[in-house]
Amino acid sequence: MLENLSERLQGIFSGLRSKGRLTEDDINDAMREIRLALLEADVNFKVVKAFVKRTKERCLTADVLDSLTPAQNVVKIVLDELTGLLGRTDSKLVLGSRIPNVIMLVGLQGSGKTTAAAKLAYRLKQEGHSPLLVAGDVYRPAAADQLQTLGDEIGARVYRGDGRDPVAIAREGVQDAIDSLRDVVIIDTAGRLHVDDDMMAEARAIRDAVKPDQILMVVDAMTGQDVVNVVEAFAEQVDFDGVIMSKMDGDARGGGALSIREVTGKPIKFVSSGEKPDSLEEFHPDRMAKRILGMGDVVSLIESAVRVQQEEAEAVEAERLAKGSLTFDDFVTMNRQIRKMGGISKLVSALPGGDKALGSGQVDEGALDAMEVIINSMTKEERARPEVLNGSRRARIAAGAGVTVTDVNQLIKKFNETKKMMKKMTASVEQQAGKKGKKGKGRRRRGLPGMGGMSLADLKKIQDMMGE
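Residues numbered from 1 in each chain as written. Predicted model: local features only at pLDDT ≥ 70, side-chain atom pairs only at ≥ 80, totals over all residues. Heavy atoms only, no water.

What follows deals with the side chain of lysine 113. Locating lysine 113 in the fold gives a position in helix α6 (residues 113-126). No salt bridge is formed by the buried lysine 113, whose closest oppositely charged neighbour, aspartate 188, lies at an N-O distance of 5.0 Å. Those residues in contact with lysine 113 that lie beyond four places of it in its chain are Leu105, Val106, Gly107, Leu108, Asp188, Thr189, Ala190, Gly191 and Val218. (Helix = DSSP H or I, 4+ residues; strand = E, 2+ residues; numbered from the N terminus. Buried < 20%, exposed > 50% of the residue type's maximum accessible area, 1.4 Å probe, protein only. Lys, Arg positive; Asp, Glu negative; His and termini not counted. Salt bridge = Lys/Arg side-chain N within 4 Å of Asp/Glu carboxyl O. Contact = heavy atoms within 4.5 Å.)

Below, the structure written as structure tokens:
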């Protein structure tokens, strides 16, 4: 999603960087290209017009045109305006003090409400809450069955009711949450193929009956400009609090995501980019803007690493790695941790220029898996003590893994290079820590949690090695 827009904008900025100084004509040409790029991405034309106008006015100031790095200033202005377009600050889901909190989901049929309800329940469970899902869609065939299946998958209670009145089911669901000691209720409501009076009346009736703390609208990111009209209708009739943008991993142009906040004033609270329960993520406008401009999203990557860390195991592992005693078992551990973070594709896409590398096929997504096959053909001693791997052992490992001896030799070479890198890294960090005096005494750089103390740069270097 938005890859084409990102590529277009990066191309525009690349042209600007090739110029030592910028003229007014250069700015006008760049703004014309940015306007076309946004329109091609299906961003609402009114939003595009206002965005380009604001950006152009800021870029034509003397501070930009007369500066030593005008292209960088233009990029900074576009980044700032794009962040403002998406929402200047994060809009987190804030739960009230009453028990249970009630969250109501609304949206068109096919937008992904039922799946979003389960993903939100999963996220709240991870944060220590005890959610209850309420199957309020009594029209779509098997809607309740789908929610029940998803609820069973994540271990969340589902209230289905035994009638055909969605208002009554919602009210009974809240009471069931009270009886079963659940602190959050998530109500999945019915949708239609298009906005109609009956759907809006039903949504208002449920809202009035249960008085939700939060009303979230689920929007399909693949809808395009039409999403603006849909969101405006719901904002007027139901007055929701925020948006969950689903199907962000789709291949549509995705301009609707850039239009919602500007047109309606309603913030995007979550984005979903996958089918797994853990694929619902908080929306950060500044990070999304940086991703669009090819600057990566390193912060989100680090947060993903934090979520999969195992503190006790990591402490032992980090201590061992700090001594330079890297083993092949550590390589396997790193591989599995990367999988928990969404795989090598998600890791690389969060790096500056990562989306472009993925699109051009520069990243071998199967490299780590191929590596693990070879390592699994080693004995326990060989994984722990790589120095014992002589010629005959390498031949046996290659036969067991179904690869050539050359493949095994390349893996060992990459392993040794990584080991040297880590020793050098550790020595450098300890030297820096020593310079910090008493305040830094006893501290060790832990790097990415759950990654054996490795930093993002280290992971990227390992990926470069794997893809040689």
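Before going further, it helps to examine the pairing of strand β4 (residues 184-189). Every other side chain in a regular strand lies on the same face of the sheet, so the side chains alternate between the two faces. Among the 6 residues of β4, 6 are classified as buried, and the element is accordingly described as predominantly covered. Judged by which residues are buried, β4 turns out to be covered on both faces: Val184, Ile186 and Asp188 on one side and Val185, Ile187 and Thr189 on the other are all buried. Across 6 bridges, the pairing between strand β2 (residues 131-136) and β4 is parallel. From the neighbouring strand, leucine 133 faces β4, where its bridge partner is isoleucine 186. (Pairing = 2+ DSSP bridges.)

This part covers helix α2 (residues 24-40). With 17 residues, α2 extends 24 Å between its outermost C-alpha atoms, agreeing within 8% with the 24 Å of an ideal straight helix rising 1.5 Å per residue. Every buried residue of α2 is accounted for by Asp26, Ile27, Asn28, Ala30, Met31, Ile34, Ala37 and Leu38. At the exit of α2 stands aspartate 42, carrying a positive phi of roughly 70°. (Expected span 1.5 Å × (residues − 1).)

What follows deals with the confidence of the model for the protein chain. In the predicted model, the protein chain carries a mean pLDDT of 76, and the fraction of residues at 70 or more is 72%. When pLDDT is averaged over each helix and strand of the protein chain, the minimum, 47, is found for helix α22 (residues 456-466) and the maximum, 94, for β4. Across residues 306-313, where pLDDT falls below 50, the model places 9 contacts with residues more than four positions away in sequence or in other chains. Segment residues 436-456: pLDDT under 50, and 49 contacts once partners within four positions in sequence are set aside and those in other chains are kept. (pLDDT = per-residue confidence, 0-100.)

What follows covers the sheet that holds strand β7 (residues 268-272). Spatially, β3-β2-β4-β1-β5-β6-β7-β8 is the arrangement adopted by the 8 strands of the open sheet, whose pairing is mixed. Among the strands making up the open sheet, the edge pair consists of β3 (157-159) and β8 (280-282). With strand direction ignored, the average angle separating the axes of adjacent strands in the sheet is 25°. Those strands touched by α6 are β1 (101-106), β2, β4, β5 (214-220), β6 (242-246), β7 and β8, and its axis lies near 170° from that of β4. Of the strands in this sheet, β2, β3 and β4 touch helix α7 (residues 143-154), which is tilted by about 165° from β2. (Axes fitted to C-alpha atoms, helices over the stretch in contact; angles between N-to-C directions.)

Before going further, it helps to spend a moment on the environment of glutamine 237. Relative to the helices and strands, glutamine 237 is located in helix α10 (residues 226-237). Leaving out residues up to four positions away in the same chain, glutamine 237 has contacts with Met200, Arg204 and Arg207. Among the polar contacts made by the side chain of glutamine 237, one reaches the side chain of arginine 204 at a distance of 2.5 Å. (Polar contact = N/O pair within 3.5 Å; in protein donor to acceptor, adjacent residues only side chain to side chain.)

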